[in-house]
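Listed below are the residues making up each chain.
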2 protein chains.
Amino acid sequence: MLVTKHQNTIDAAVKANHARTFYSHYPEHPKAYGEEAHAKGVQSYQQLLNKPFRQLLQTGETGWVGEEVSPYTQEVLGVTYPIFAIDDLIKKATAAGQQWGHTDVRERAAVLTETLERIKDYFFDIANATMHTTGQSFMMSFQASGPHANDRALEAIATGYHELQRYPSELEWEKPMGKTTIRLKKTFKAIPKGIGVVIGCSTFPVWNTLPGVYADLITGNPVIIKPHPRAILPIAIAVGAIQQVLQENGYDPHLCQLAADSSDNLIAKKLAEHPDVQLIDYTGSSAFGNYVESLPGKTVFTEKAGVNSVLLDSVKDLDAVIQNLAFSVSLYSGQMCTAPQNFFIPETGISTAAGHVSFNEVVQRFKDAVVALVTNPKMGPGTLGALQNEATAARVQEAQQLGGKVVLASTAVNNEEFSNARVMAPAILEVTSADNNIYEKELFGPVVLVIKTKDTAHTIQLAKQMARKHGAITCAAYTTDNATKEMIADEMNSVFTPVSFNLTGYIWVNQHAAFSDFHVSGGNPAGNASFTNQEFIIKRFVWVGNRELME
Amino acid sequence: MLVTKHQNTIDAAVKANHARTFYSHYPEHPKAYGEEAHAKGVQSYQQLLNKPFRQLLQTGETGWVGEEVSPYTQEVLGVTYPIFAIDDLIKKATAAGQQWGHTDVRERAAVLTETLERIKDYFFDIANATMHTTGQSFMMSFQASGPHANDRALEAIATGYHELQRYPSELEWEKPMGKTTIRLKKTFKAIPKGIGVVIGCSTFPVWNTLPGVYADLITGNPVIIKPHPRAILPIAIAVGAIQQVLQENGYDPHLCQLAADSSDNLIAKKLAEHPDVQLIDYTGSSAFGNYVESLPGKTVFTEKAGVNSVLLDSVKDLDAVIQNLAFSVSLYSGQMCTAPQNFFIPETGISTAAGHVSFNEVVQRFKDAVVALVTNPKMGPGTLGALQNEATAARVQEAQQLGGKVVLASTAVNNEEFSNARVMAPAILEVTSADNNIYEKELFGPVVLVIKTKDTAHTIQLAKQMARKHGAITCAAYTTDNATKEMIADEMNSVFTPVSFNLTGYIWVNQHAAFSDFHVSGGNPAGNASFTNQEFIIKRFVWVGNRELME
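Every value quoted in this text rests on a predicted model; they were computed, and no experiment measured them.

*Asks:* Explain the relation of the copies chain A and chain B to me, using residue names and the numbers behind them.
*Replies:* Structural alignment of chain A on chain B gives an RMSD of 0.0 Å, achieved by rotating through 180° and translating 0.0 Å along the axis. Taken together, the turn and the small shift mark the pair as related by a two-fold rotation axis. Residue Glu 535 of chain A, judged by its C-alpha, is the member of chain A lying nearest the rotation axis, at 3.5 Å.

*Asks:* Would you mind going over the packing of aromatic side chains in detail, with residue names and values included?
*Replies:* Considering all chains together, one arrives at 54 aromatic pairs over all chains under this definition. Ring geometry for Phe 22 of chain A and Trp 173 of chain B: centres 5.6 Å apart, planes at 75°, overall edge-to-face. Separated into two different chains, Phe 22 of chain A in the loop between helix H1 (2-19) and helix H2 (37-48) and Trp 173 of chain B in strand E3 (residues 170-177) make up a pair that spans both. Judged by relative accessible area, which is 29%, Phe 22 of chain A ranks as partly exposed.

*Asks:* So what about the sheet that holds strand E4 (residues 180-192) of chain B? Which residues, and what values?
*Replies:* Across the sheet, 10 strands lie side by side as E14(A)-E15(A)-E16(A)-E11(A)-E10(A)-E17(A)-E18(A)-E19(B)-E4(B)-E3(B); this open sheet has mixed pairing. The outermost strands of the open sheet, each flanked by one partner alone, are strand E14 (405-408) of chain A together with E3 of chain B. Together, strand E10 (309-312), strand E11 (342-346) and strand E16 (447-453) of chain A form the strand contacts of helix H17 (residues 456-470) of chain A, whose direction differs from that of E11 of chain A by roughly 160°. Each of E10, strand E17 (475-478) and strand E18 (500-501) of chain A together with E4 and strand E19 (541-549) of chain B touches helix H18 (residues 482-494) of chain A; the most contacted strand, E4 of chain B, lies at about 55° to it.

*Asks:* Run through the UniProt feature "domain: Aldehyde dehydrogenase" (unreviewed entry) in chain A, naming residues and quoting values.
*Replies:* Following the UniProt record, the feature "domain: Aldehyde dehydrogenase" (unreviewed entry) maps to residues 68-515 of chain A here. Here residues 68-515 of chain A runs as 42% helix and 19% strand, with 33 Å between its end C-alpha atoms.

*Asks:* Explain the packing of helix H5 (residues 123-134) of chain A against helix H6 (residues 138-145) of chain A residue by residue, including any values.
*Replies:* Residue and element names in this part refer to chain A. Their axes nearest at 8 Å, the elements H5 and H6 cross at an angle of 125°. In terms of axis orientation, H5 runs oblique to H6. For the crossing formed where H5 meets H6, the hand is right-handed. Residues Phe 123, Phe 124, Ile 126, Ala 127, Asn 128, Thr 130 and Met 131 of H5 touch H6, and the partners they reach there are Phe 138, Ser 141, Phe 142 and Ser 145. When grouped by side-chain class, the residues that make up the contact of H5 with H6 number seven nonpolar, four polar and no charged.

*Asks:* Outline the state of the cysteines, supporting the account with residue identities and numerical values.
*Replies:* Residue and element names in this part refer to chain B. Counted according to the given criterion, the structure contains zero disulfides over all chains. Lacking any disulfide linkage, Cys 201 is separated from the closest cysteine sulfur, that of Cys 337, by 8.0 Å. Classification of Cys 201 as buried rests on a relative accessible area of 10%.

*Asks:* Describe in detail the sheet that holds strand E7 (residues 256-258) of chain B, supporting the description with residues and values.
*Replies:* All names here are of chain B. On the basis of which strands lie adjacent, the open sheet formed by five strands has the order E7-E6-E5-E8-E9 and parallel pairing. In this open sheet, the two edge strands, each paired with only one partner strand, are E7 and strand E9 (299-303). Taking each pair of neighbouring strands and ignoring which way they run, the sheet shows an average axis angle of 15°. Packed onto the sheet, helix H3 (residues 86-101) meets strand E5 (195-199), strand E6 (223-226), E7 and strand E8 (277-283) and runs at close to 165° relative to E7.

*Asks:* Before we move on, could you go through the interface of chain A and chain B and cite the residues and values that matter?
*Replies:* Quite often, the size of an interface is put as the accessible area lost when its parts meet. Every contact between the two is made by 68 residues of chain A and, on the other side, 68 residues of chain B. Roughly 6,000 Å² is buried in total at the junction of chain A and chain B, and carbon and sulfur atoms are behind 55% of that figure. Linking chain A to chain B there are 12 salt bridges. The interface formed by chain A and chain B contains 34 residue pairs in polar contact (both at pLDDT 80 or more). Considering each element in turn, the side of chain A that touches chain B owes the most residues, eight residues, to strand E19 (residues 541-549) of chain A.

*Asks:* Describe the nonpolar core, and please don't skip the residues or the numbers.
*Replies:* Within the largest apolar cluster, 275 residues are counted, with the highest numbers of intra-cluster contacts made by Tyr 214 of chain A together with Tyr 214 of chain B. Excluding residues that lie within four positions of it along the chain, Tyr 214 of chain A makes contacts with Leu 112, Thr 115, Leu 116, Ile 119, Ala 153, Ala 156, Ile 157 and Ile 242 of chain A.

*Asks:* Before we move on, can you summarise the confidence of the model for chain A with the specific residues and values?
*Replies:* Averaged over chain A, the pLDDT score is 97; the fraction of residues at 70 or greater is 100%. Under the prediction, the complex receives an ipTM of 0.96, its pTM being 0.97.

*Asks:* Requested: an account of the domain arrangement of chain A, with residues and values cited.
*Replies:* Residue and element names in this part refer to chain A. Domains assigned within chain A are domain 1 (2-304) and domain 2 (309-501). Look at where the C-alpha atoms of domain 1 and domain 2 centre, and you get two points 33 Å apart. Between domain 1 and domain 2, roughly 1,400 Å² of surface is buried when both sides are summed, and carbon and sulfur atoms account for 57% of that area. At the junction of domain 1 with domain 2, the criterion picks out one salt bridge.

*Asks:* Quick rundown of unusual backbone geometry? Include the residues and the values.
*Replies:* Residue and element names in this part refer to chain A. One non-glycine residue, Arg 20, lies in the positive phi region at around 60°. Tracing the backbone through its elements, the reader meets Arg 20 in the loop between H1 and H2. Its relative accessible area of 0% is what places Arg 20 among the buried residues.

*Asks:* Could you give an account of the pattern of salt bridges, naming the residues involved and the relevant values?
*Replies:* Residue and element names in this part refer to chain A. Counted under the stated rule, the structure contains 56 salt bridges over all chains. Put simply, Glu 114 and Lys 5 hold a salt bridge, and the shortest N to O gap is 2.8 Å. Separated by 109 residues along the polypeptide, Glu 114 in helix H4 (residues 105-120) and Lys 5 in helix H1 bring together distant segments of the chain. Classification of Glu 114 by relative accessible area gives buried; the value is 11%. Across the pair Asp 261 and Lys 226 runs a salt bridge whose closest N-O atoms are separated by 3.0 Å.

*Asks:* Can you lay out the environment of Leu 217 of chain B for me, pointing to particular residues and giving the numbers?
*Replies:* All names here are of chain B. Structurally, Leu 217 can be placed in helix H8 (residues 210-218). Sequence separation between Leu 217 and Val 542 is 325 residues, and the spatial gap between their C-alpha atoms is 14 Å. Residue contacts for Leu 217: discarding those within four places in its chain leaves Trp 100, Arg 108, Leu 112, Val 223, Leu 255 and Cys 256.

Each value, and the rule that gives it
Residues numbered from 1 in each chain as written. Chains lettered and ligands numbered in written order. Predicted model: local features only at pLDDT ≥ 70, side-chain atom pairs only at ≥ 80, totals over all residues. Heavy atoms only, no water. Least-squares fit on C-alpha atoms with pLDDT ≥ 70 in both. Phe/Tyr/Trp six-rings, centres within 6.5 Å; stacked < 30°, edge-to-face > 60°. Helix = DSSP H or I, 4+ residues; strand = E, 2+ residues; numbered from the N terminus. Buried < 20%, exposed > 50% of the residue type's maximum accessible area, 1.4 Å probe, protein only. Pairing = 2+ DSSP bridges. Contact = heavy atoms within 4.5 Å. Axes fitted to C-alpha atoms, helices over the stretch in contact; angles between N-to-C directions. UniProt positions renumbered as here; feature names shortened; annotations may be inferred. Parallel < 35°, antiparallel > 145°, perpendicular 65-115°, else oblique. Left-handed = near helix turned anticlockwise from the far one by under 90°. Nonpolar A, V, L, I, M, F, W, Y, C, P; charged D, E, K, R; others polar. Disulfide = S-S within 2.5 Å. Buried area = accessible area lost by both parts, 1.4 Å probe. Salt bridge = Lys/Arg side-chain N within 4 Å of Asp/Glu carboxyl O. Polar contact = N/O pair within 3.5 Å; in protein donor to acceptor, adjacent residues only side chain to side chain. Core = buried A, V, L, I, M, F, W, Y, C linked by side-chain atoms within 4.5 Å. pLDDT = per-residue confidence, 0-100. Domains from an automatic or database assignment.

Below, the structure is given as structure tokens:
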């Protein structure tokens, strides 16, 4: 029944995955979900506060934890989550995996698509929960944790659906041998690798979690989600929805378990090192990511820190470029893994359709654009959101003491709706190419470095070296010269970094679209995995072929 | 031109790869290559002996080495090979990779298919070289190092050809945004990871080497082949053919370099650890395989040791089964990674169409069948071949002292053509299920263990445990009961081991057919890779997508 219901959706997603033209199953505009959805979502969210979270179908908890604080109000959310013994989680995952691993992939895909439809009913609850745990603006919270995350999950379902049906499940193999013929019946099975653990981050608790969850599930593996202790609620709501659908359709809700923890008793390592855990998805710091990658015998997918570059060579319309970049660096205060950090500009300045512009003028106009954006009461707070973590605010202050020339000091910005919101405008620091001690690391948060280079060749050399040594998820480049464009593409691609050229208007380097853009290439130190290429799926199962002599 | 010449071959191979029905591009019977080919091959081979090998297009050698000894004659081959400084090999690979990495995959596929056609011209030279380095019989030498290896290589080419064209190389992406539309030109490129090193083994120097070589090359990576110092000649001839074709078609022959070494100065670790080496294929011992797998930042494909089981439950025709198994254990004296070692038989015996047969009678009849085969002057020597390594002969003697009951002592077997050949018939040892200190390891070579179990459930439990702990590449099972068959398949597949059921006649568990059977599942300790699933190909490159705003 569910297969019939969702077949068109799945077929369209498989097709989109291959065509990579624009495709979205879940509209990204809140208004597409009805006029009252927003207000209702606020209400539902508020009803969750200051009480135990009861939407999970997991029992046998050993206690309750909860330490989330809203970056907008600085108040504790007061939601508590059940915690479970590691062995209990593993035992239930193992049991749930038995039936699921033998379930036909078409059925799995349909059931999982139904879970996404159910999550959709909670998009606005999740949006409010995301806002008050991550500090994202409402619009980003809605889009990233709602339709965009669901589209990424559907992409994983579709890729699995395609890959698991790549070979015939059964066939007759006939080998002519002179006068006789050998006939074998062959069967090919995609055997799930085992229990998956998905370790979430505090800034994108749903968007960075669902792809791994659905990749595990579509390939027949049970999954345990270990969220960041400061950003549990958004994914807890999603897990509740998934468990409801599983149970309603006769599947064990423990196929997808929430394993909350608290900062004084973290369980990520215990889960990752458990011998029955075969698959690990991780988003977060490079230190922990490198540790997970080093665990022997595990199949690991990581997204870690990186340093994204902007290469300015030549432009048509400098104002359009500057405005686009000012938005990119301000969006969620630089807390996106796709946000640009290092701006490389030749000391001789850049050419524009309106004539040559000096280095200093480019920097000045960039600064002016950032100031205009963040001080605009309509645009500023909604673009900046709030800083998820107090440590990020401290890091901005430290960055301004590193020795660069402070072009624009970071300032607090007032949010009219939330007067206690932790909001800081980006700092802009100017450094020389010799200041690699400053720019050769990720300065997570609202910090932009402008690096003066000799020329564009020098720019490329530095940006390439950064990506190779420290990783990069995005790269924005501006050039009107075709040969330069090719050179930038070749050099940055050679260190497995994608390049976005000449973006202006309503499209930003920070955005990666499901069904079209691969998110993280997997080839440089910013991470070893990519949403959603085939590797993200096929490493989660093993093809095994049986043969039988036919009489 | 080459694209036109080989397009049909490549298209057929891609199709075969997906259909997995019987397919072979290179006929496996020597007679298909003309009546004179065999005699000519012997001549060509003999002309190579006792001199430097001059067919490579590599220069700048720092010396010459060679220590191959024929297991048939015990004489040194006297062929020497040029050796090169590691940095020289790396520098030339890097230079060669520049152009190749930017070459269209259709062109790459055609050039590589042409190299296979050229290798075909040397099939008989390679067969003789294989015989006199590995100890394989002529027929196995011909098939394994000739048509079967070429088919596996073509399989890798075809898989790469398909995977690298999976996404459009360029497309327009249009996102409707209310009144406006965002239009991006997107390009997708498969960027090669870097230099590949393929480390060969002494028993299958071509068959186990070519898949990795062609997987590296089709995905745009240069490759360095490090053969086993005792089995260089077969692959050296192939590399010479590859280099000729590359040069004739305007490509750098250093795309595929031979890096011979000698046992007193092994270079595998130096190559594997070189920072510019990104890809490593390895066939050989588990100890070295585990070391290669542990190298941080490398993409590694291994085939290591395993212990293959035979599960005897019930049969129709015991004689047919016993004969099939006697051949399987005798073929190349158990030196195939697919050869069965552990025979699990219930203490109560097994049922057959002709009535119940006791444990002791099954063992006796198996012993008789082995003796009849190996003492048959027409069949014996040609089936057994010779022991590649003197250590294997010593291991057989040691195995007989381990404490098992010696059902059949290993004996030397006379080869009429080569009186000095190192030929030993299989030893058969009977042990109990408690003797796991004896059967829980690979006893590489002509040693068969018969293990008495309580019943088939016990058999399955032990065989599964063996595969999980020590790895398995094959499993042969005999049962006439459907429920038992399903149970065996489920349990062995759950530890990522394929099962061959009820093989009799001219098909043996040792054989894995290109384009249909995956060789090694990659899921248990016998290896982390599989010929040729998608993972074997797609881990060698990275998808990178560039975007550009369209005006």
